[in-house]
Amino acid sequence: MSEATRVVHDLAGPCWIFAAHQTGARGRRGRAWSMPLGNFSASLVLPNAGSPAEMGLRSFVASLALYDAVRAVAGPSANLSLKWPNDVLVQERKLAGILGQSGGDYLVIGIGLNLSEVEIENSISLSELAVTTDYDLQLSSILENFSKLRQVFETSGVSAVLDDLKSLSHTLGKKIRVTTEQGQYEGIATDIDSQGRLVLDHGDKTISAGDIMHLRGAVD
């Protein structure tokens, strides 16, 4: 057992790790990812996170906490939404993202929020929305919201999380194209099921968040 793994297994509860600047991080499917200085980057380590389905749902809890934190400063006029599985959008442009990665019985959830402008296609930042970019304010809000939502999830179950996730979804109701290692699928995103999977065409196909390589709108 490595020292890092031993530390994770010794944790009694959630552990947050913060970075002011990341240059060699990994995104979905091992893609290179970086976060310039002056933005928000953090990882949440959850020990004893449960089954793979439960781990995925806990990632959604983190995405809702991030959404609530951003909305508190951006306001309703910013037109925020959640792109399944875990991106926060402002009018089709990516403001923040979350990536969950499991190892044994623990889950690591990486969070990235653009406080200042970044050179990434189709992105947007809080500074471009002309709202506060204070790091500590975002940190305290995310921590508070995650604690509240985690308690709701643990006591009330998945339905409480899914109801909010669906109501804020940018993906549901749209015709999309999903690329996975098994192939490419097109259809209308009609639901998010009790395991957090995206449902196409009322059940013709279900897609797990961990399986997707790309998701975009389909063009007829």
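This text follows the structure it describes.
In this text, all values refer to a predicted model and were calculated from it rather than measured experimentally.

## A look at the sheet that holds strand S10 (residues 183-192)
Strand order across the open sheet formed by five strands is S12-S11-S10-S9-S13, with antiparallel pairing between neighbours. Sheet topology places strand S12 (205-207) and strand S13 (212-217) at the edges, where each strand pairs with a single neighbour. Adjacent strand axes in the sheet meet at a mean angle of 40° when their direction is disregarded. Of the pairings in the sheet, the one linking S10 to strand S11 (residues 198-200) comprises three bridges and is antiparallel in character. In the strand pairing of S11, Ile192 is matched with Leu198.

## Considerations on the pattern of salt bridges
All chains considered together, the criterion is met by seven salt bridges. In this structure, Glu128 engages Arg93 in a salt bridge whose closest nitrogen and oxygen atoms are separated by 3.6 Å. Of this pair, Glu128 sits in the loop between strand S8 (106-113) and helix H3 (135-156) while Arg93 sits in strand S7 (residues 93-103); the two residues are 35 residues apart in sequence, bridging distant segments of the chain. For Glu128, a relative accessible area of 36% gives the class partly exposed. Here Glu186 and Arg177 are joined by a salt bridge, their closest N and O atoms 2.8 Å apart.

## Let's talk about the environment of Leu89
When you line up the elements, Leu89 lands in strand S6 (residues 87-90). By relative accessible area, which is 5% here, Leu89 ends up buried. The residues contacting Leu89, other than those within four sequence positions of it, are Asn79, Leu80, Ser81, Lys83, Lys94, Leu95 and His170.

Reading the values: rules and limits
- Residues numbered from 1 in each chain as written.
- Predicted model: local features only at pLDDT ≥ 70, side-chain atom pairs only at ≥ 80, totals over all residues.
- Heavy atoms only, no water.
- Pairing = 2+ DSSP bridges.
- Helix = DSSP H or I, 4+ residues; strand = E, 2+ residues; numbered from the N terminus.
- Axes fitted to C-alpha atoms, helices over the stretch in contact; angles between N-to-C directions.
- Salt bridge = Lys/Arg side-chain N within 4 Å of Asp/Glu carboxyl O.
- Buried < 20%, exposed > 50% of the residue type's maximum accessible area, 1.4 Å probe, protein only.
- Contact = heavy atoms within 4.5 Å.

This is a description of form; function is not addressed.
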